[in-house]
Amino acid sequence: MSTIDQLNRLLASLGSQIGLPELSSDADGFCSLAFDSIRLHLQADAEAGTLLIFTELGTLPESDKLVLLEEMLEANVFFSGTGGAALGTLPGGKAFLSQ
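Residues numbered from 1 in each chain as written. Predicted model: local features only at pLDDT ≥ 70, side-chain atom pairs only at ≥ 80, totals over all residues. Heavy atoms only, no water.

Caption draft 1: Molecular detail of a negative patch on the surface. A cluster of acidic residues, Asp64, Glu70, Glu71 and Glu74, forms a negative patch on the protein surface. When you line up the elements, Asp64 lands in the loop between β3 (50-59) and α2 (65-76). A relative accessible area of 41% means that Asp64 is categorised as partly exposed. (Patch = residues over 30% accessible without salt bridge, like charges linked within 9 Å, V, L, I, M, F, W, Y side chains within 5 Å. Areas by Shrake-Rupley, 256 points an atom, 1.4 Å probe, with all protein chains shown as cover. Salt bridge = Lys/Arg side-chain N within 4 Å of Asp/Glu carboxyl O. Lys, Arg positive; Asp, Glu negative; His and termini not counted. Charge placed at Lys NZ, Arg CZ, Asp CG, Glu CD. Helix = DSSP H or I, 4+ residues; strand = E, 2+ residues; numbered from the N terminus. Buried < 20%, exposed > 50% of the residue type's maximum accessible area, 1.4 Å probe, protein only.)

In structure tokens form, the structure reads like this:
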């Protein structure tokens, strides 16, 4: 069973429990779920056989950007402050957490 098929089985199970029986990823294995103001993204990688889960944490403020970036780097070292996830930034200063 492919990674995308596995993701879709999980999404179908979740969907049936929350009243969304048609819940599934797109053809590329991507799905985005919204919980109040939190958006959780799921991306199956069929070639690598992995599932990437990530969410946006917000935009880094210009005033504390360097301090926050340093704290994020320190948290990433051996995943000591992230519980196995990774912190990063995207162009425009948006911070994200991925697992």
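Caption draft 2: Quick peek at the pattern of salt bridges. The tally for this structure, following the rule as stated, stands at two salt bridges. Linking Lys94 and Glu56 is a salt bridge whose minimum nitrogen-to-oxygen distance equals 3.7 Å. Here the residue Lys94 occupies a position in strand β5 (residues 94-98), and Glu56 occupies one in strand β3, the gap between them amounting to 38 residues. When its relative accessible area of 34% is taken as the criterion, Lys94 is described as partly exposed. On the basis of relative accessible area, Glu56 is assigned to the partly exposed category, the value being 45%. Of the charged contacts in the structure, one is a salt bridge between Glu62 and Lys65, with a shortest N-O distance of 3.2 Å. When its relative accessible area of 63% is taken as the criterion, Glu62 is described as exposed. Taking the relative accessible area as the measure of exposure, Lys65 reaches 23% and is therefore partly exposed.

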